[in-house]
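# Report on the structure
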Amino acid sequence: MSQQEIEVILARHLAEYLALPVFIVDPAGGLLFFNEPAESILGQRFEETGPMPASEWSTVFTPLDLDGRPLEPEQLPLMIALADRRPAYRLFLIRGLDGDLRKIEVVAFPLIGQADRFLGALALFRELPG
Amino acid sequence: MKIRLWGTRGSLASPGPDTVRYGGNTSCVSVEGPEGTLLVLDAGTGIRCLGLELPADIRRVNILLTHLHMDHLQGLPFFAPLRRPGVEVHIWGPAGTTSDLGSRVKRYLSPPLFPVSVREISMNLNFHESSGDSFEIDEFAVETRLVLHPNPTIGYRISSGGRSMAYLPDHEPALGAPRFPPPREWTSGFELAEGADVLIHDSQYTDREYEDRIGFGHSSIAHAFQFAGLTGARRFVPFHHDPSHSDDKLDAIISEAVERYKPAFEMVPGKEGLRIEI
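Within every chain, residues take consecutive numbers counted from 1 along the sequence as written. Here every chain gets a letter starting at A, and every ligand a number starting at 1, in the order they are written. For a predicted model such as this one, the threshold for reporting local features is a pLDDT of at least 70, and the threshold for listing and counting side-chain atom pairs is 80 or more; totals across whole chains, interfaces and linings nevertheless cover every residue. Side-chain measures were taken over the full set of non-hydrogen atoms in the model, leaving aside hydrogen atoms and water.

## What to know about the packing of helix H6 (residues 221-231) of chain B against helix H7 (residues 247-261) of chain B
Axis angle and axis distance: for two packed helices, these are the angle between their axes and the distance between the axes, and together they describe the pair. All names here are of chain B. The angle between two axes is taken between their N-to-C directions and runs from 0 to 180 degrees, where each axis is a line fitted to C-alpha atoms and a helix contributes only its stretch in contact. In this description a helix means any DSSP run of H or I spanning at least four residues, a strand means any run of E spanning at least two, and both kinds are numbered starting from the N terminus. Between H6 and H7, the least distance of the axes is 10 Å, while the angle of their chain directions is 45°. When the axis of H6 is compared with that of H7, the two are oblique. Classified by chirality, the crossing of H7 by H6 is right-handed. For the pair H6 and H7, the contacting residues are Ile221, Ala222, Phe225 and Gln226 in the first and Ile253, Ile254, Ala257, Val258, Arg260 and Tyr261 in the second. Looking at the contact of H6 with H7, its residues break down into eight nonpolar, one polar and one charged. Should an angle lie under 35 degrees it is considered roughly parallel, over 145 roughly antiparallel, and from 65 to 115 roughly perpendicular; all remaining angles are considered oblique. In this scheme the crossing of two helices becomes right-handed for a clockwise turn of the near helix relative to the far one and left-handed for an anticlockwise turn of less than a right angle. Here, two residues are considered to be in contact whenever any of their heavy atoms come within 4.5 Å of each other. Amino acids are sorted into nonpolar (Ala, Val, Leu, Ile, Met, Phe, Trp, Tyr, Cys and Pro), charged (Asp, Glu, Lys and Arg) and polar (every other residue, Gly among them).

So this is what it looks like as structure tokens:
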């Protein structure tokens, strides 16, 4: 397994210290890491899921719009940050691996490192009541 | 591949009777290939003595900078080949976020930080930025990766004829890691050092000193030994010694670490003048 880029290592270290839920993906959208606060929203520990391709995590976590309709992967802030390389925000519902439905808001931004290397994206979550 | 250490000290040159054996010059290492190509790793104060020993008819010099902190650059204007007409000087180093490598080096080599400008020293300077790619210099294959250290900093892996050496003189892979060492793929510098015949690595602090200097960009001797063990390097050279550490103190620090970790790899203390052939 190849080593992660240094900016991604630093992002993970930061995420491990933050009380905010954080989700990090590679340039192809593959899940690299989510921190402990994110585990309560996603319904599973990272040690249990491990890395996952985008096609897997974007459906496993079942994102829905506020009317309960399924969201396509490309409508998710993380995928927008990856595709357009710009920050993105959305309020939506997510059914975690524990089966519970939660309302969350997500801010995602692209990880662009030294010498303009595109390294993936990072999302910050917040769970809302109700 | 012939490796020679011309400066092993970190942060600040520290000549004196207490640093005679490990040396007082700051980072500089030469690597000579089987076909005679010379690479110079960093331009700390040790580069001055290297310059005095190079043949007068040398036509090209390759200097590979890890970063631009003063202890890795201060010797550059005192490197004799720079002043010789007709000598082609190639300098590699990390890209910056707002200005290019050449501009940043020239900022140091200009008043008021230095009395003369770079044009007065050498007319034939060629700058090459590298922050995570691979390139060749004659018989050498060179790989670079950004590593954990304040400001853009790269490490090098240099290979030739099936042999390799890794050079990470300023490196804090333990920074922010909840556990050390973390898994390989989440360890800064791992790919550069993996299975290297020789690993020259930052070992600046004792464990106690490190507690007060987290984030300064350097490793404790314990972290350096653990990193070397993780990478599977065959020979480990502790390097970038703290300027406050005397020869006797370094002997004690290193021997205690060997006793504690009982490494499977060979450990060779990084002393000025050390020669290693691989």
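That covers the picture; the talk isn't over yet.
## Comments concerning the nonpolar core
The nonpolar core is taken to be a set of buried Ala, Val, Leu, Ile, Met, Phe, Trp, Tyr and Cys residues, with the residues joined through side-chain atoms within 4.5 Å. For every residue, the accessible area (1.4 Å probe, protein chains only) is compared with the maximum for its type, and the residue is labelled buried under 20%, exposed over 50%, or partly exposed between those bounds. A:Phe23, A:Ile24, A:Trp57, B:Ile158, B:Met165 and B:Ile200 are the most contacted members of the largest nonpolar core, which totals 67 residues. In terms of residues, this core owes the most to one element, strand S6 (residues 118-128) of chain A, which gives six residues. Once residues lying within four places of it in the same chain are set aside, the contact partners of B:Ile200 are B:Ile3, B:Leu5, B:Val29, B:Met165, B:Ala166, B:Tyr167, B:Leu168, B:Pro169, B:Val237 and B:Phe239. Ranked by size, the runner-up nonpolar core spans 27 residues in total, among them B:Cys28, B:Leu50, B:Val61 and B:Leu82.

## Here we look at the pattern of salt bridges
Side-chain pairing between opposite charges can occur once the charged atoms of the two side chains come close. Should a side-chain nitrogen of Lys or Arg be within 4 Å of a carboxyl oxygen of Asp or Glu, the pair is scored as a salt bridge. Under the criterion given, the structure shown has 25 salt bridges over all chains. Taking the shortest distance from any N to any O, the salt bridge between A:Glu47 and A:Arg45 comes out at 3.4 Å. Classification of A:Arg45 as partly exposed rests on a relative accessible area of 43%. Counted as one network, the salt bridges with shared partners bring together A:Glu5, A:Glu7, A:Arg117, B:Arg145 and B:Glu191.

## Description of the environment of B:Pro77
Residues and elements named next belong to chain B. Position of proline 77 among the secondary structure elements: in the loop between strand S4 (60-64) and strand S5 (88-93). Between the alpha carbons of proline 77 and alanine 177 there is a distance of 38 Å; along the sequence they are 100 residues apart. If sequence neighbours within four positions are ignored, proline 77 has contacts with Arg83, Tyr108, Leu109, Phe114 and Ile121.

## A closer look at the sheet that holds strand S8 (residues 140-146) of chain B
Whenever strands of a sheet pair, they do so through backbone hydrogen bonds, lying parallel or antiparallel. All names here are of chain B. With mixed pairing, seven strands are arranged side by side in an open sheet as S7-S8-S9-S10-S11-S12-S13. Here the strands that pair on one side only, and so sit at the sheet edges, are strand S7 (134-137) and strand S13 (266-267). Pairing geometry for strand S11 (residues 198-202) and strand S12 (residues 235-239), over four bridges, is parallel. Looking at the pairing, histidine 201 lines up with proline 238 of S12. Across the sheet, H6 is in contact with S11, S12 and S13; its angle to S11 comes to roughly 150°. Two strands pair if DSSP finds at least two bridges between them.

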